[in-house]
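If you want the building blocks of each chain, they are given just below.
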Amino acid sequence: MTVLKLIGLWCDKMTQISDARKGILTEEMKHVAKIENVSEDFILKSVAEGTIVIPGNVNRDVEAAGIGAGLRTKVNATVGTSTDIVNFDEEVQKAKIAIDHGADCLMELSIGGDLDEIRRRVLDMSPLPVGSVPVYQASIESIREHGSVVDMTEDDLFNAIEKQAKDGIDFMAIHSSINIETLTRLKRQGRVTGLVSRGGSFMSGWIVENEKENPLYSNFDYVLEIAKEHDVVLSLANGMRAGSIADSTDRAQIQELIILGELIDRSREAGVQCMIEGPGHIPINEIPTNVMIQKKMCSNAPFYMLGPIVCDVAPGYDHIVSAIGAASSAKAGADFICYVTPAEHLALPNPDDVREGVIATKIGAYAGDLATGQIDGSQDLAMAEARKNLDWEAQYSCAMFPEAARAKRDQRPPEEEDTCTMCGNYCAVKIVNEWLDKSDSDLIK
């Protein structure tokens, strides 16, 4: 047997999808089955087919999170510096806040300061899977060294991917579907807001200026080779996503989705876990269609929705806009939601923005899962019973965010311990408990 064959077999053993295809139930699969309350056979089959992915780089230990059909909708929180604000301690603080408030995964998206240092700091502190966008690092370092992103070399791109994989990044947004074909479609059609994907803008500028195909597309097999070696989940980025409601579900987006479907097939054939990123700005009525088209064209690969933003006119409150989008997306069958903070479109999020963003998206995802039956409603029933009994401690224990609920009531304490200051002594529940439920009247039986 050749050395290359031995290496190939060794790599197969390290990937979740390759193990699943061999019938090997990994510890990560067992953990996902347990926390999701589904059978191990279901997880094994779904990972083998690629409809569920489990991010977990072989170079680090993480708390396994399953993403895909038949599982609870997961929430991702992004952190990272900008060119204007570089504060590594605050980014780590933001990551901790996101974890503490229930994020399932993190993404480290820094573009300012020492990019290796901040990425490694987040990886070191996070028990959750951590994602990245390697083209950011390759582009920023090219700009720093050469003065322009268009001077970035192919080696710069692949070196960034390999470096981050070796560091332990668990899933990567890879902009392979921004290619000559999708850019031509965009140019022919035109848009109100053009391209709003940062990675998409970097790669489109490189393609146009160099008059060459995107290396992440033309050499996609090399991307797969790196991902397979480290069992990195590829999050195939949607660089053509709309930046406004006016541009949603247009020809450029659908053209990119066709390319993404082909790349999903190639990823699975290579034994690489893969998911698809989805639209950013999209009205509610188009969400089910987008999820259906993505699932159909991408062979039911896990769908990672960015937001989505369902209207364009609420800056400062886009976390609420996104919570509506998250609920609609989860109900329609999306599997993974990237949070949006109140700072969206306005500023780099601060720790308070991160907290509000995670909370809003968690609520939205929960509401969508409740509508589909993915969440059984037992927690909601327990809350209803606690409210009926005016049992405030039980209400706090049932709450998704108990500290916030307790603090709100404690700030405005009622005269009667069993009520709140909204209704006071005229609490409808209290009245019904005292008179209607205890009544032995012949009139009401």
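Not measured: the values here are computed from a predicted model. (Residues numbered from 1 in each chain as written. Predicted model: local features only at pLDDT ≥ 70, side-chain atom pairs only at ≥ 80, totals over all residues. Heavy atoms only, no water.)

**Student:** I'm lost on the UniProt feature "binding site: substrate" (unreviewed entry) in the chain in this one. Help?
**Tutor:** UniProt records the feature "binding site: substrate" (unreviewed entry) for Met107, Tyr136, His175, Ser197, Arg198, Gly199, Asn238, Gly239, Met240, Arg241, Glu277 and Tyr304 in the present numbering. Along the chain, the position of Asn238 falls in the loop between strand S7 (233–236) and helix H13 (251–269). Not counting residues within four places of it along the chain, the set of residues in contact with Asn238 comprises Ser197, Glu256, Glu277, Gly278, Pro279 and Leu306. Assignment of secondary structure puts Gly239 in the loop between S7 and H13. When its relative accessible area of 0% is taken as the criterion, Gly239 is described as buried. Non-local contacts of Gly239, meaning those with residues more than four positions away in its chain, are made with His175, Ile178, Leu195, Ser197, Gly200 and Glu256. (UniProt positions renumbered as here; feature names shortened; annotations may be inferred. Helix = DSSP H or I, 4+ residues; strand = E, 2+ residues; numbered from the N terminus. Contact = heavy atoms within 4.5 Å. Buried < 20%, exposed > 50% of the residue type's maximum accessible area, 1.4 Å probe, protein only.)

**Student:** Which parts of the structure should I look at to understand the confidence of the model for the chain?
**Tutor:** Reading fine detail from the predicted coordinates is not recommended where pLDDT is low. Per-residue pLDDT for the chain has a mean of 93; in total, 95% of the residues score no lower than 70. Confidence drops under a pLDDT of 50 for residues 1–13, and excluding neighbours within four residues, the segment shows 11 contacts in the predicted structure. (pLDDT = per-residue confidence, 0-100.)

**Student:** What am I meant to see in the environment of Leu44 here?
**Tutor:** With respect to the helices and strands, the residue Leu44 is situated in helix H4 (residues 40–49). Distance from Leu44 to Ser248, taken between C-alpha atoms, is 36 Å for residues 204 residues apart in sequence. With near-sequence residues (within four places) excluded, Leu44 lies in contact with Ala20, Gly23, Ile24, Leu25 and Met29.

**Student:** I'm lost on the UniProt feature "binding site: [4Fe-4S] cluster" (unreviewed entry) in the chain in this one. Help?
**Tutor:** Under the feature "binding site: [4Fe-4S] cluster" (unreviewed entry), the UniProt entry names Cys420, Cys423 and Cys427. Mapped onto the secondary structure, Cys420 falls in the loop between helix H19 (402–411) and helix H20 (428–436). Ignoring sequence-local partners within four residues, the contact set of Cys420 consists of Trp392, Arg409 and Pro414. Positionally, Cys423 belongs in the loop between H19 and H20.

**Student:** Where do I start with the packing of aromatic side chains in this structure?
**Tutor:** Two descriptors summarise a pair of aromatic rings, namely the distance from one centre to the other and the angle between the planes of the rings. Tallied over the full model, the rule gives 4 aromatic pairs. When the centroid spacing of 6.0 Å and the interplanar angle of 70° are considered together, the rings of Phe171 and Phe336 count as edge-to-face. With Phe171 in strand S6 (residues 171–174) and Phe336 in strand S10 (residues 336–338), this residue pair connects regions lying 165 residues apart in the sequence. The two residues Phe171 and Phe336 agree in class, both being buried. Put simply, the rings of Phe171, Tyr304 and Phe336 pair up and form one aromatic cluster. In this structure, Arg198 packs its charged tip against the face of Tyr136, placed 4.8 Å from the ring centre. (Phe/Tyr/Trp six-rings, centres within 6.5 Å; stacked < 30°, edge-to-face > 60°. Lys NZ or Arg CZ within 6 Å of the ring centre and 35° of its normal.)

**Student:** Quick question: what am I supposed to make of the nonpolar core here?
**Tutor:** Where a protein is soluble and globular, its nonpolar side chains tend to be buried together. In terms of nonpolar packing, the biggest core is built from 90 residues, with Leu106, Ile161, Ile174, Val223, Leu234, Leu236 and Ile276 touching the most fellow members. The leading source of residues in this core is H13, at 6 residues. Ignoring anything within four residues of it in the chain, the contact list for Ile276 reads Leu236, Leu257, Leu260, Ile264, Gln294, Cys298, Ala301, Pro302, Phe303 and Tyr304. One finds Ala33, Ala48, Ile54 and Ala64 within the second-largest nonpolar core, a separate group that totals 12 residues. (Core = buried A, V, L, I, M, F, W, Y, C linked by side-chain atoms within 4.5 Å.)

**Student:** I would appreciate a short explanation of the pattern of salt bridges in the present structure.
**Tutor:** Opposite charge on two side chains allows them to pair when their charged atoms are near. For the structure shown, the criterion picks out 20 salt bridges. Put simply, Asp104 and Arg72 hold a salt bridge, and the shortest N to O gap is 3.3 Å. Here the residue Asp104 occupies a position in the loop between helix H5 (88–100) and strand S4 (105–108), and Arg72 occupies one in the loop between strand S2 (67–68) and strand S3 (74–79), the gap between them amounting to 32 residues. Note that Glu154 is salt-bridged to Lys212, the shortest N-O span being 3.4 Å. With Glu154 in helix H8 (residues 154–167) and Lys212 in the loop between helix H10 (198–210) and helix H11 (215–218), this residue pair connects regions lying 58 residues apart in the sequence. On the accessibility criterion, Lys212 (39% relative accessible area) is partly exposed. Look at the salt bridges and you will find they share partners, linking Asp116, Arg119, Arg120, Lys163 and Asp167 into a network. (Salt bridge = Lys/Arg side-chain N within 4 Å of Asp/Glu carboxyl O.)

**Student:** What exactly am I supposed to notice about the domain arrangement of the chain here?
**Tutor:** Interface size is often expressed as the accessible area that is lost when the parts come together. In terms of domain boundaries, the chain breaks down into domain 1 (49–372) and domain 2 (378–436). The C-alpha-based centres of domain 1 and domain 2 are spaced at 40 Å. With 6 residues of domain 1 at the interface, the matching set in domain 2 holds 4 residues. With both sides pooled, the region where domain 1 packs onto domain 2 buries about 450 Å², and carbon together with sulfur makes up 75% of that total. Joining domain 1 to domain 2, the criterion identifies 0 salt bridges. (Domains from an automatic or database assignment. Buried area = accessible area lost by both parts, 1.4 Å probe.)

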